[in-house]
Amino acid sequence: FLKRVGDGGNRGLAIAPGPFVSLLWAVNAGPVAARLGRTAPAIVGTLCMVAAAASWLLGASSTPSYARGLLPGLLLMGCAAGLVQAPLFAAASTLSAHRATTGSAVLNTARQVGSAVGVAVLVVLLGNGNATLASCHRGWWLLVVSGLSSALAVALSRSPRRDRCCSPKPRC
């Protein structure tokens, strides 16, 4: 689809709404976490990723439409990125000074390995380099599966105590 948009500048503007929405969520991550806790935005964010993939699965057709086929998924993916990444970095910043470098290293290593594995699997799913609607559907199904898996992992890793970032610390 983006090949039909025009030159590189126009293509960049076509995908700009996603990062813009991500920015809006990320800069408001503190108030969101104070109200909902740290894991709720991560769960909602991963489910936004699922919704974005579903939007593309349902909206993409052989006659592409930016407003109907691409834009809704971009906006949802922006929500996903803004809601998920900010709590991850906030969690890493809560570590004590002697664990901060290790925590940051683990977070960044996990992000890099996840990206590399995700891209490798996506390349296999897309096939021989000639992306078709069917191969894109396989990639979007990968997003659905990874988003649902992530939401489940975050939900299962929640501690039984109330998850509020600003609640008083428990006494020993």
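Residues numbered from 1 in each chain as written. Predicted model: local features only at pLDDT ≥ 70, side-chain atom pairs only at ≥ 80, totals over all residues. Heavy atoms only, no water.

Brief notes about the packing of aromatic side chains
Phase 1: On inspection of all chains with the given rule, the structure shows 1 aromatic pair.
Phase 2: With 6.2 Å between their ring centres and 35 degrees between their planes, Trp56 and Trp140 make a pair best called tilted. Separated by 84 residues along the polypeptide, Trp56 in helix α4 (residues 39-59) and Trp140 in helix α7 (residues 133-157) bring together distant segments of the chain. (Phe/Tyr/Trp six-rings, centres within 6.5 Å; stacked < 30°, edge-to-face > 60°. Helix = DSSP H or I, 4+ residues; strand = E, 2+ residues; numbered from the N terminus.)

What about the side chain of Ser135?
Phase 1: On the secondary structure map, Ser135 appears in helix α7.
Phase 2: If we skip the residues at most four places from it in the chain, Ser135 touches Leu125, Leu126 and Asn130. (Contact = heavy atoms within 4.5 Å.)

What to know about helix α6 (residues 97-126)
Phase 1: Along its 30 residues, α6 runs 44 Å from first to last C-alpha, staying within 8% of the 44 Å computed at 1.5 Å per residue.
Phase 2: Within two residues after α6, Gly127 carries a phi angle of roughly 95 degrees, on the positive side. (Expected span 1.5 Å × (residues − 1).)

Things to note about the nonpolar core
Phase 1: Counting residues in hydrophobic clusters, the biggest one holds 9 residues: Val50, Ala52, Ala53, Trp56, Leu57, Leu70, Leu74, Trp140 and Val144.
Phase 2: Where this core is concerned, the elements lending two or more residues are α4, α5 (66-93) and α7.
Phase 3: The leading source of residues in this core is α4, at 5 residues.
Phase 4: The contact partners of Ala53, leaving out residues within four places of it in the chain, are Trp140, Leu143 and Val144.
Phase 5: Formed by 6 residues, the second largest nonpolar core is a distinct cluster that contains Val21, Cys79, Ala80 and Leu83. (Core = buried A, V, L, I, M, F, W, Y, C linked by side-chain atoms within 4.5 Å. Buried < 20%, exposed > 50% of the residue type's maximum accessible area, 1.4 Å probe, protein only.)

Topic: a nonpolar patch on the surface
Phase 1: On the surface, Phe20, Leu23, Leu24 and Val27 cluster together into a nonpolar patch covering about 400 Å² of accessible area.
Phase 2: Looking at the secondary structure, you find Val27 in helix α2 (residues 17-27).
Phase 3: Residue classification places Val27 among the exposed residues on the basis of a relative accessible area of 56%. (Patch = residues over 30% accessible without salt bridge, like charges linked within 9 Å, V, L, I, M, F, W, Y side chains within 5 Å. Areas by Shrake-Rupley, 256 points an atom, 1.4 Å probe, with all protein chains shown as cover. Salt bridge = Lys/Arg side-chain N within 4 Å of Asp/Glu carboxyl O.)

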